[in-house]
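One letter stands for each residue in the lines below.
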Amino acid sequence: MQPDLFDNSSAVQPQILPLPDADVTYYPGWLSADQASVIKQQLEGELDWHQDTIKIYGKLVKIPRLQAWHGDPDAQYSYSGLSMTPAPWTTTLSDLRQQLAKQCQAAFNSVLANWYRHGQDSMGMHADDEPELGKHPVIASVTLGQARPFVLMHKQSKSKSKVMLEHGSLLVMKGTTQQFYQHGIAKTARQIDDRINLTYRYIHSSIKSNNA
Ligand SMILES: O=C(O)CCC(=O)C(=O)O
């Protein structure tokens, strides 16, 4: 019999992060280590990976990671001057989407995949607050592979918190989190393995971003 990739009956208790003005829950072991490894391997071969170039202070630079954007055909997303047209759902991504919709009691119509190849790949501090994500977006973030610290910084007080996102974990950000916090993944000089992160989102295609 095929093992059930989404049997998360052995998941550890969720942890609500004690952050003012935010609603962030961490689910360690949301997928078992074996499930997460199988899914990671499938996604490595299956997704539309590419390295985008963005303009920073008028200079073109390659972003320090590979990315893929998949989702419903109308889920167009824009950030940092990049306008992304979704590639179609793969079976793996859409099975995960179903499980996440149940877990979060929320709908998702797209997913941004990031592949951090080594410690020099990173994600700068930012908020997922583009207008097309809506006022209080639910962002479901699944980690596959190398654990990396996820930094959250309050936009006003500048106070920082860290949560180590482990293989098979799920982090859910909702409510006013994007309004009050930035988040990111820092570079490290340590020799580390690669990591794939998936952030499931809902794009309101009738709302246009200023970045487009
Ligand atoms: O890799 C991560 O955990 C962060 C991803 C992220 O910040 C994003 O997709 O907006």
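Residues numbered from 1 in each chain as written. Predicted model: local features only at pLDDT ≥ 70, side-chain atom pairs only at ≥ 80, totals over all residues. Heavy atoms only, no water.

1. Some thoughts on the nonpolar core
When a protein is soluble and globular, its nonpolar side chains tend to lie buried together.
Phase 1 of the analysis: Ranked by size, the top nonpolar core spans 28 residues in total, and within it L144, L198 and Y200 carry the most contacts.
Phase 2 of the analysis: Counting residues per element, the ones that place at least two in this core are α1 (33-46), β5 (66-71), α2 (91-104), β8 (110-116), β10 (139-145), β13 (170-174) and β15 (195-201).
Phase 3 of the analysis: What L198 contacts, discounting residues up to four positions off in sequence, is L43, L93, L96, V111, L112, A113, A140, S141, V142 and L144. (Core = buried A, V, L, I, M, F, W, Y, C linked by side-chain atoms within 4.5 Å. Buried < 20%, exposed > 50% of the residue type's maximum accessible area, 1.4 Å probe, protein only. Helix = DSSP H or I, 4+ residues; strand = E, 2+ residues; numbered from the N terminus. Contact = heavy atoms within 4.5 Å.)

2. Things to note about the pairing of β15
Phase 1 of the analysis: With 7 of 7 residues buried, β15 lies mostly within the body of the structure.
Phase 2 of the analysis: By the alternation rule, side chains of β15 split into R195, N197, T199 and R201 and I196, L198 and Y200, which are all buried.
Phase 3 of the analysis: In terms of strand pairing, β8 meets β15 through 7 bridges, oriented antiparallel. Note on β15: the bridge partner recorded for S110 is R201.
Phase 4 of the analysis: Bridge count between β10 and β15: 6 bridges; the pairing is antiparallel. (Pairing = 2+ DSSP bridges.)

3. Regarding the pairing of β5
Phase 1 of the analysis: Counted residue by residue, β5 has 6 buried out of 6 residues, so it is predominantly covered.
Phase 2 of the analysis: Side chains L66, A68 and H70 project from β5 onto one buried face, and the interleaved Q67, W69 and G71 project onto a second face that is buried too.

4. Focus on the side chain of D128
Phase 1 of the analysis: By the element assignment, D128 lies in the loop between β9 (123-126) and β10.
Phase 2 of the analysis: Of the polar contacts made by the side chain of D128, one reaches the side chain of H126; its length is 3.2 Å.
Phase 3 of the analysis: Only 3.4 Å separates the side chain of D128 from the side chain of H183, close enough to count as a polar contact.
Phase 4 of the analysis: Contact partners of D128, with chain neighbours within four places excluded, come to Y77, L133, P137, I139, M173, Q178, H183 and R201. (Polar contact = N/O pair within 3.5 Å; in protein donor to acceptor, adjacent residues only side chain to side chain.)

5. Thoughts on the site of the ligand
Phase 1 of the analysis: What surrounds the ligand is a group of 14 residues, the closest being Y116, H126, H183, R195 and R201.
Phase 2 of the analysis: Side-chain polar atom of Y116 to an oxygen atom of the ligand: 2.5 Å apart, as the coordinates give it.
Phase 3 of the analysis: For the ligand, an oxygen atom lies 3.2 Å from a polar atom in the side chain of T199.
Phase 4 of the analysis: In isolation the ligand has 300 Å² of accessible area, and contact with the protein removes 98% of it.
Phase 5 of the analysis: If one sorts the elements of the shell around the ligand by residue count, β15 sits on top with 4 residues. (Near = heavy atom within 4 Å. Areas by Shrake-Rupley, 256 points an atom, 1.4 Å probe, with all protein chains shown as cover.)

6. Topic: the pattern of salt bridges
Phase 1 of the analysis: All chains considered together, the criterion is met by 6 salt bridges.
Phase 2 of the analysis: The network of salt bridges with shared partners includes K40, E44 and D194. (Salt bridge = Lys/Arg side-chain N within 4 Å of Asp/Glu carboxyl O.)

7. Considerations on the packing of aromatic side chains
Phase 1 of the analysis: In the structure shown here, the tally under the stated rule is 4 aromatic pairs.
Phase 2 of the analysis: Relative to W115, the ring of W49 lies with its centre 5.0 Å away and its plane at 55°, an arrangement referred to as tilted. Taken as a pair, W49 in the loop between α1 and β3 (53-56) and W115 in strand β8 lie far apart in primary sequence, 66 residues in all.
Phase 3 of the analysis: We classify W49 as buried; its relative accessible area is 16%.
Phase 4 of the analysis: When the ring of F108 is compared with that of Y200, the centres are 6.2 Å apart and the planes differ by 70°; the resulting orientation is edge-to-face. Remark: Y200 occurs in strand β15 and F108 occurs in the loop between α2 and β8; sequence separation between them is 92 residues.
Phase 5 of the analysis: Overall, the relative accessible area of 0% leaves Y200 in the buried class.
Phase 6 of the analysis: Taken together, W89, F108 and Y200 form an aromatic cluster joined through their ring pairs. (Phe/Tyr/Trp six-rings, centres within 6.5 Å; stacked < 30°, edge-to-face > 60°.)

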